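Topology and contacts: notes
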Amino acid sequence: MEPNERARALLCRESPPPPLPRTARGEPELFGPPSTLHRFLPSLPSHLQHALSLADRLMELANARPGEEGLGAVLDEAERQARTGDPEWAKYALRVFIAHHPEGRRLSVPPLRERAPHQVLPSGRPELPRKGNPGTPGAEIWLDYFREDTGLNEHVETWPVLYPAAGLPDPARPGHRLLPEGRSEWFGYVRQQLLARYDTERLSFGIPRTVPLGDYASPINEGYDAGLPGFAPRPPGLSPRDLPGYSVTDHAMRRDRLFTAASSGLLWREETPLVIERLEQLADTAESNPGSVDGEAWAEPLGPYGAHHHLGHVLFGCLTAPRDKTGLPGVLASPATAARDPLFYRWHRHVDDILDAWRSTHLPPSELSGGPQVLVRKWLGEGIYPAHQSPDILLCFVKDIPGGTSPDFDGQRWGEATFGGDYWTSPPPSFRSSTHALNTFMAQHRVLLPDGREVMKQHLDHEPFHYFFRVENLLPQERKVTVRIYLAGDAYAEDRRMWMEMDRFEHTLRPSEQAVIFRPARLASVVHERGWPANLLLPRGRREGMLFRFMVMITPWEQEPTGEALEDTREPGYPFNRPVPPGQRIADLLLQPHIATRNIWIHHVTP
């Protein structure tokens, strides 16, 4: 069997997950020496470090014998490890090897629905009547389709593989860890964007925003039963419980220390105060990882700041019914299933609140006045004009464009002929192909189980569309720019944490050009660069329509003094990662000529 087939066979091997190790009193025993005989919990720093040591071994084997022979040795070792205890240790190590070692990139990782079909099955919980109060416990069931989305869970599952908290393995020096600069800040931004997307989805049903899970003593109203093998349900009304070696009080103490650091701007290393100069310092400490202010004690649960973020997953993942005797955790214990649980979002809202407390207090507002000399018009007329009606943000369904579904369709050429030239001053309603509303719908896909059975699972999707932007270069020289597209529900448009980054790409404007920029939505950077599922690009909206606000922002493409273009180096989340200037609103950004907004509607339709 050739190496790719062997890797696929190993990664697709399903076996019943073992229970957690238990004390004599039947409590989870999680803080002993890690062993592959026990269940793999990636959120436990000791487990993660041990799993990465297995990946180091695979890298050593590949380095010793490059090529097919080395890959054969790697797979021999991974298969040997998978035969003892929980195979998830070996699977994780192999995926880390595939993601980070040059030889590993010759192998491919099957999608989650093929690797673990039993973990992507819908829970099938009975829905509450939609006429009920959306604020009552249990209304979370309405969003099961989102949290249980196969692509979303695969997206979350890749995080600890691509960005291990203990650091990236160095293929050239197995055993050595690399912590790329800005990693925790970027990782925090990806989670914040998921929260914005989830809260916008909740708005579609009139459900209030996610409540941070910052009170560790109160009962948790949300219950969740995934109905998946290897995981226990969590009934509603349970309060967090102590674990042997780590109590709820221990967790609360580290929460308080992190919030104090965020508000004061100081982290403490023993008796020495350290001024937080970059968000990365606080993010590394809250996560935690080797960049934590705790230094070598970063992985110690009872270190000064501890492993607050990761042990939250463990603490709440072990919250099952008091009479449950299976010894199984909840879905929060596994990256492939964690996003199914409403607590995943409540917990990460709490963690993001810690980081944003520092941003809001200690960062100056984003500087927007230094935009390129370009114009995106707010309105075509003179004098007072309506807000958020830019004529230069144009949306078109693919089906409404003549020849738009053809594989050789030239969108740039068609856009220039339709929206530019003599039509430069024409408003969107004058174009038959443009639309002020986008459509989403529920579709289905098959999940094929190992025994040959098929299960149909619903997922959110949207009708294909394209963006067209009209941008005028006000200077008589060529200019390379970054085009940024954002979206927010109208009800949340003044909350900077609720703006979702839809896309970001580069474009070159010719001297003094009145340019029409074509961009297919299917090429969205959030999908192709960050692994966000393409079917969830748009929020659900409502049957009667839900009002959203698109924003396009043109920023300079950073350049060397020699003129050589560099990758855009702005902070993750720019410009919404920083507070708005005092006395201003986000709507005041429209005063800048390189920024424009347009209201659009999203309808959820029946196909």
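This text follows the structure it describes.
Just so it is clear, the structure is predicted and the values come from calculations on it, not from any experiment.

This paragraph deals with helix H7 (residues 150–162). Taking 1.5 Å of rise per residue, 13 residues should cover 18 Å, and H7 covers 18 Å from first to last C-alpha, within 8% of that figure. Those residues of H7 not exposed but buried are Thr-150, Leu-152, Asn-153, His-155, Val-156, Glu-157, Trp-159, Pro-160 and Val-161. For H7, the N-terminal capping position is held by Asp-149, with its side-chain oxygen 3.0 Å away from the main-chain nitrogen of Gly-151.

The omega torsion across Glu-287 and Ser-288 is -5°, close enough to zero to call that bond cis. Among the structural elements, Ser-288 can be located in the loop between helix H10 (279–287) and helix H11 (308–317). Here Tyr-574 and Pro-575 are connected by a cis peptide whose omega angle stands at 0°. Inspection of the secondary structure assignment puts Pro-575 in the loop between strand E14 (546–556) and strand E15 (595–604). Despite not being glycine, His-388 has its phi angle at roughly 60°, a positive value. The exposure class assigned to His-388 is buried, which follows from its relative accessible area of 11%.

All right, on to the packing of aromatic side chains then. Evaluation of the coordinates by the stated rule reveals 26 aromatic pairs. Consider the rings of Phe-40 and Tyr-92, whose centres lie 5.5 Å apart with planes at 50°: the pair is tilted. Placement of the pair is Phe-40 in the loop between helix H1 (3–11) and helix H2 (45–64) and Tyr-92 in helix H4 (residues 88–100), with a sequence separation of 52 residues. The exposure class assigned to Tyr-92 is buried, which follows from its relative accessible area of 6%. Judged by centre distance (5.8 Å) and plane angle (40°), the rings of Tyr-163 and Phe-187 are tilted. Residue Tyr-163 is located in the loop between H7 and strand E1 (168–169), and its partner Phe-187 is located in helix H8 (residues 183–204); the two are separated by 24 residues in the primary sequence. Through a chain of ring-to-ring contacts, the aromatic side chains of Phe-409, Trp-414, Phe-419, Phe-431, Phe-468 and Phe-518 assemble into a single cluster. The ring of Tyr-492 is capped by Arg-209, whose NZ or CZ atom sits 5.2 Å from the centre of that ring.

The rules we used
Residues numbered from 1 in each chain as written. Predicted model: local features only at pLDDT ≥ 70, side-chain atom pairs only at ≥ 80, totals over all residues. Heavy atoms only, no water. Helix = DSSP H or I, 4+ residues; strand = E, 2+ residues; numbered from the N terminus. Expected span 1.5 Å × (residues − 1). Buried < 20%, exposed > 50% of the residue type's maximum accessible area, 1.4 Å probe, protein only. Polar contact = N/O pair within 3.5 Å; in protein donor to acceptor, adjacent residues only side chain to side chain. Phe/Tyr/Trp six-rings, centres within 6.5 Å; stacked < 30°, edge-to-face > 60°. Lys NZ or Arg CZ within 6 Å of the ring centre and 35° of its normal.

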